[in-house]
Amino acid sequence: ASLEPNAISCSAAMSACAKVTEWQRALALLATMDWATSKPDAFSYSATMSACEKGFVWQRALALFVAMPQACLELDAISYNVVISAFEKGSAWQGALALLSAMGQSAVEPDSNSYNAAVGACKRDAQWQVALELLGTMERVVLGLDAIGYMAAIGACESIAKRQKVVMLLSAMRRATLQRHQQHHRN
């Protein structure tokens, strides 16, 4: 039996690199994959983008994202969400919003992870108004909010001393939780 690396083993190694923020090694693995025997797949790209995200190099994650269609690989929710999260970690809220918008215009539907990462990017740059708008959109589009979205929006408001907005968000979060519990007990 041959012990040559394949797409699965290379992708697993890239995922391991992501966990320990070794984005340079993940990029090197992707670059050295033998296109004849182990062509990189969407998972390979996403794992490498995740390593770049965790290494705070959103530019590299974005470059890989842009390269995926050129490599005849389909963009999916995971690839979008990893790059939106990379924008969040890189304090590039405008990039996160642009990619969230592009995602909405593609065949890929944004999910709570997409919105939470974009709200988080707004939090990092104290864009509280944009964070609140995203929270409203998330509530309409993703069928409700989760604690992560609320906490990111609260953080955006806290960072610029918008105490009234923080109180409003905490109240809304409490009401949403009570409504969910009431619905659960009715069923």
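Our subject in this report is the structure included herewith. (Residues numbered from 1 in each chain as written. Predicted model: local features only at pLDDT ≥ 70, side-chain atom pairs only at ≥ 80, totals over all residues. Heavy atoms only, no water.)

### Some words on the overall build of the protein
A count of helices and strands for the protein gives 10 helices and zero strands. In sequence order, the protein lays out its α and β elements as α-α-α-α-α-α-α-α-α-α. Here the protein holds 187 residues, and 44% of them are scored as buried. Looking at the protein alone, contacts between residues at least 24 apart form 57% of all its contacts between residues at least 6 apart. When the accessible area of the protein is evaluated, it comes to approximately 10,400 Å², of which 56% is carbon and sulfur surface. (Helix = DSSP H or I, 4+ residues; strand = E, 2+ residues; numbered from the N terminus. Buried < 20%, exposed > 50% of the residue type's maximum accessible area, 1.4 Å probe, protein only. Contact = heavy atoms within 4.5 Å. Areas by Shrake-Rupley, 256 points an atom, 1.4 Å probe, with all protein chains shown as cover.)

### A look at the side chain of N116
Mapped onto the elements, N116 comes out in helix α7 (residues 112–124). For N116, the contacting residues outside a window of four places in its chain are M138, D146, I148 and G149.

### Looking at the packing of helix α5 (residues 77–89) against helix α6 (residues 93–105)
Contact pair α5 / α6: the axes reach a minimum separation of 8 Å and the direction vectors enclose 165 degrees. Viewed along their axes, α5 and α6 adopt a mutual orientation that is roughly antiparallel. Relative to α6, α5 is oriented so that their crossing is left-handed. Residues A77, Y80, N81, V83, I84 and F87 of α5 touch α6, and the partners they reach there are G95, A96, L99, L100, A102 and M103. Residues that form the contact of α5 with α6 fall into these classes: 10 nonpolar, two polar and no charged. (Axes fitted to C-alpha atoms, helices over the stretch in contact; angles between N-to-C directions. Parallel < 35°, antiparallel > 145°, perpendicular 65-115°, else oblique. Left-handed = near helix turned anticlockwise from the far one by under 90°. Nonpolar A, V, L, I, M, F, W, Y, C, P; charged D, E, K, R; others polar.)

### A short note on the packing of aromatic side chains
Enumeration according to the criterion identifies two aromatic pairs in this entry. For the pair F65 and Y80, a centre-to-centre distance of 5.0 Å together with 70 degrees between the ring planes defines the contact as edge-to-face. Linking F65 in helix α4 (residues 58–70) with Y80 in helix α5, this pair joins segments that are 15 residues apart in sequence. Each member of the pair, F65 as well as Y80, is classed as buried. (Phe/Tyr/Trp six-rings, centres within 6.5 Å; stacked < 30°, edge-to-face > 60°.)

Everything listed is a geometric property; what it means functionally is a separate question.
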